[in-house]
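Structure at a glance
Now for the letters of each chain:
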Amino acid sequence: MASVKGTNFTNATADPVVNTDSSEWSGKVRVQYDVYEASSLASGSDISVAKLPKGAKVYDVVIHHGALGSGVTLAVGDSSDTDRYITATAAATAGKVVMSEDGAIGGVAYEQTAETDILITTGGGSPATGTIKCMVFYAVE
């Protein structure tokens, strides 16, 4: 059995210590929360739920939603990649979608290169009706 260290752990325990980006090691996690009440929102629509500053790294996205309608899906991303954080997930019945459980690995600690809006995109061909609550957890320092 091997005993190994992650990159940041290696840097933090080196002698001398190698500086690590504070958004990845001992940084402050922040959250942006928003809610949207959908009323026959067309499939393919996007809902802006957060505005992240340049340099922000996303560590989790959580969506709680009501029963939005038969066939409705939700994805979370940005203007460059509509499902960077959460791929299209069924939202016909009430529930939650969590990036750390269901999301794409490429979105974990993805660093924003400019101020960026986080978007929920509806899909599935049916209009969405119901409550959508979203929390985006990220670090910038």
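Residues numbered from 1 in each chain as written. Predicted model: local features only at pLDDT ≥ 70, side-chain atom pairs only at ≥ 80, totals over all residues. Heavy atoms only, no water.

Let's shift gears to the nonpolar core. With 26 residues, the main nonpolar core has Val-61 and Ile-120 as its most contacted residues. Within the residue set of this core, elements represented by two or more residues are β1 (29-41), β2 (46-52), β3 (57-65), β4 (73-77), β7 (116-123) and β8 (128-139). Sort the elements by how many residues they give to this core and β8 lands first, with five residues. Once residues within four sequence positions are removed from consideration, Val-61 is found in contact with Val-76, Tyr-85, Ile-86, Val-97, Val-98, Met-99, Cys-134, Met-135 and Val-136. (Core = buried A, V, L, I, M, F, W, Y, C linked by side-chain atoms within 4.5 Å. Buried < 20%, exposed > 50% of the residue type's maximum accessible area, 1.4 Å probe, protein only. Helix = DSSP H or I, 4+ residues; strand = E, 2+ residues; numbered from the N terminus. Contact = heavy atoms within 4.5 Å.)

Spatially, four strands are ordered β1-β8-β3-β6 in an open sheet, and the strand pairing comes out antiparallel. Either end of the sheet is taken by a strand with one partner, and the two such strands are β1 and β6 (95-98). Recorded for the sheet is a direction-independent mean angle of 15° between the axes of neighbouring strands. Pairing analysis gives 11 bridges linking β1 to β8, with the strands arranged antiparallel. Its bridge partner being in β8, Ala-38 is matched across the sheet by Gly-130. (Pairing = 2+ DSSP bridges. Axes fitted to C-alpha atoms, helices over the stretch in contact; angles between N-to-C directions.)

The values are spatial; any link to function lies outside them.
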